[in-house]
Structure formats: C-alpha cells, structure tokens
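Structural overview
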Amino acid sequence: MASFNPKDLSTKKLHSYLLSAVAPRPIAFASTVDEKGVPNLSPFSFFNVFSANPPILVFSPARRVRDNTTKHTLCNVEKTKEVVINMVNFDLVHQASLSSTEYPEGVNEFEKSGLTMLKSDLVKPFRVAESPIQFECKINEIVALGNEGGAGNLVICEVLKMHIDDEVLNEDETINQKKLDLVARAGGSLYSRANKSFFEIPKPLATLGIGVDSFPEHVKNSMILTGNNLGMLGNVEALPSKQDVETFIEDLGARYPKIKEASHREKHKLAQKYLSYGDVQSAWKILLS
C-alpha cells in the first residue's frame, strides 16, 4: 500500500488524490446574485446535508489551486447571504458542467448553459427551473479553511423553503430515488449516475445484529465468505433454531443430495450463493448444518 504525507505532495497532486478517493460526491448547483442582482450559477461537489433540525446544507467554493483566486459564488454569498441550491440530475448534468466555465464577472451562466431562471419565493437568487429539487437558503456562516490555493470555504446554509417536482414524488410523498436520477462527481472528469447502481442493505439500526464475533469459528474464519458476506450474516437478530436447520436441510436434500456430507468449504460456497440472492436465513441454515 502506498502511503503519503500530504505535506510532501503538491497541492495539485493532493487535490487529485482527495477528489478521486472521496467519491462519488453529490453536486450543489448554487445559484446566487451579486449586489446589483446579476445572477450567477455554478456547480460544487464539495457538498452535503449536515442537519435536519435546523435543516442545514454545506457546500464549499474552494480557492483555485492554480492561482489562489476565488469564485464569483463565494463573493456573492459573502455579500448577499443568500443562495439557492439546486440538485443535479442526469437530464441537466451537461448544462451544469457548462455553467462551471470561468466566464467573466457579470456573465449570466443561466443564459450560457440554456437553463431557465425561476423566481424564488423567499430569497433573491433564482431557482433552476429544470432541477427536480431546489432549496432556498439563507447563509448562516462562512468558514474559511485557509488562505492558499485549494483552501475551502464552508458555506453553511439554512434551508428556508424547498421545492420538489411532483414527478419524483411517490404517492406517500417520499422521494422516488430512481425517478430523481441524481448524478455525482468523482475524480477527474468522471461522474456517477445514482439510479444505475442502487442496491439495498437493511439498516442495522432497525435490528440488533448478532455481529461477526458471535459466529461459529468455521464461519468467522471462512476462506470462502467475503467481508460483505460476513456483514450480511451478522445483521440477523438471532440464529435459526436447530429444528429449523434440520427441516431446511431435509428439504434441500432433494436438490443437493450430498448436502449432509458436504465439507465446510462446500457448504460455504453454497451459502454464498444464497447470500448473492439476499437469502440470509437460508445461508445460515446451510452454514449451521
């Protein structure tokens, strides 16, 4: 494993490593205005949600690595204390990328990127009409993390009002993640499309998993089962009973006649197959047989 001291790397190299390693990152499509009301629009992937009560979003317009200059967005939020954060889905990702071009001060990126300005209800910056979710925010605080190129500026935003497109809402008013179709940034020029790679993991908070330390030794030290396999197995609240195991193995014998005589290795391989289908209970019954 290669190891690096950040102080031994150039800022450009360190910046590249960080953005490639901490990925994918959601995108804050930040709409602001200057003191004269001139709109500005730019995407930022140093972004996330940090609180629900109060509702807080944070994004960071970093100082440019190459020449230590700052972006118009930072100047605008410092002066006006308002921003609209629009979420970027696949349908507008190329326009969002275009808006990141370093146009001169006073140029309207809405017009350059062909996006529609939508008047906000509570703040002066415009919303991006094409964005499926828009957050009107006030700026609570801006925290400068340094004075050199590459230093971030944490813009702490409190959500005053949010707008969600009906098209991405389920009947129970929850957000349909697949319809939302968000994109995220990775290193270099790479992006990730969220709804092409969704998978579900039951939350451990909903159950009290037995944990890997409770496993029989042959399972815990398996040469077949992966770390993900062990994580799935450890999320059950209790192991199946001896009777349940015996009943399952009797039924399984019709498909796998030699299951009772199988080695640990063979059983682990079969259990792994069941885990690939998400059937944790059957996997455990095989492992405990």
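Here the structure is a predicted model, which means the values were calculated and not measured. (Residues numbered from 1 in each chain as written. Predicted model: local features only at pLDDT ≥ 70, side-chain atom pairs only at ≥ 80, totals over all residues. Heavy atoms only, no water.)

With 21 residues, the main nonpolar core has Phe59, Val83, Ile85, Phe135 and Cys157 as its most contacted residues. Mapped by element, the contributors of at least two residues to this core are β2 (28–33), β5 (55–59), α2 (72–80), β6 (82–87), β9 (133–144) and β10 (153–164). Aside from chain neighbours lying at most four places away, what touches Phe59 is Ala28, Ala30, Phe44, Phe46, Phe47, Thr73, Val83, Ile85, Asn153, Leu154, Val155 and Cys157. With 20 residues, the next largest nonpolar core counts Leu225, Leu230, Val280 and Leu287 among its residues. (Core = buried A, V, L, I, M, F, W, Y, C linked by side-chain atoms within 4.5 Å. Buried < 20%, exposed > 50% of the residue type's maximum accessible area, 1.4 Å probe, protein only. Helix = DSSP H or I, 4+ residues; strand = E, 2+ residues; numbered from the N terminus. Contact = heavy atoms within 4.5 Å.)

Strand order in the open sheet formed by seven strands is β3-β2-β6-β9-β10-β5-β4, with antiparallel pairing between adjacent strands. What marks the edges here is a single partner per strand, and that holds for β3 (39–44) and β4 (47–52). Averaged over all pairs of adjacent strands, the angle between their axes in this sheet comes to 30 degrees, without regard to strand direction. Bridge count between β4 and β5: five bridges; the pairing is antiparallel. Bridging from a neighbouring strand, Phe47 pairs with Phe59 of β5. Contacting β2, β3, β5, β6, β9 and β10, α2 runs over the sheet at an angle of about 55 degrees to β2. (Pairing = 2+ DSSP bridges. Axes fitted to C-alpha atoms, helices over the stretch in contact; angles between N-to-C directions.)

Further remarks concern unusual backbone geometry. In this structure, the amide linkage connecting Ala23 to the following residue, Pro24, adopts the cis form with an omega of 0 degrees. Its place among the elements puts Pro24 in the loop between α1 (11–21) and β1 (25–26). Here the residue pair Asn53 and Pro54 is connected by a cis peptide bond, since its omega of 5 degrees sits within 30 degrees of zero. As for its placement among the helices and strands, Pro54 is situated in the loop between β4 and β5. If you check the backbone angles, Glu173 has positive phi at about 70 degrees while not being a glycine. As for its position among the elements, Glu173 is in the loop between β10 and α5 (177–180). On the basis of relative accessibility, which here comes to 66%, the residue Glu173 falls in the exposed class. Even without glycine at this site, Asp181 takes up a positive phi of about 60 degrees. Within the fold, Asp181 resides in the loop between α5 and β11 (183–185). You can call Asp181 buried: its relative accessible area is 9%.

Here we come to the sheet that holds β1. Strand order in the open sheet formed by three strands is β1-β11-β12, and the pairing between neighbours is antiparallel. Each edge of the sheet is formed by a strand with only one pairing partner; in this case those strands are β1 and β12 (191–193). Inspection of the sheet shows β1 paired to β11 by two bridges, in the antiparallel sense. When the sheet's bridge partners are listed, Arg25 is paired in β11 with Arg185.

The subject of this paragraph is the packing of helix α9 (residues 264–276) against helix α10 (residues 280–287). Contact pair α9 / α10: the axes reach a minimum separation of 8 Å and the direction vectors enclose 175 degrees. Judged by the angle between their axes, α9 and α10 are roughly antiparallel. Every residue of α10 that contacts α9 at Lys267, His268, Leu270, Ala271, Tyr274 and Leu275 is listed here: Val280, Ser282, Ala283, Ile286 and Leu287. In terms of residue class, the contact of α9 with α10 is made up of eight nonpolar, two polar and one charged. (Parallel < 35°, antiparallel > 145°, perpendicular 65-115°, else oblique. Nonpolar A, V, L, I, M, F, W, Y, C, P; charged D, E, K, R; others polar.)

Turning our eyes to something else, we now look at the environment of Ile259. Structurally, the position occupied by Ile259 is in the loop between α8 (242–252) and α9. Judged by its relative accessible area of 5%, Ile259 falls in the buried class. Residues Ile259 and Ile27 lie 232 residues apart in sequence; the distance between their C-alpha atoms is 51 Å. Ignoring anything within four residues of it in the chain, the contact list for Ile259 reads Ile249, Leu252, Gly253, Lys267 and Leu270.

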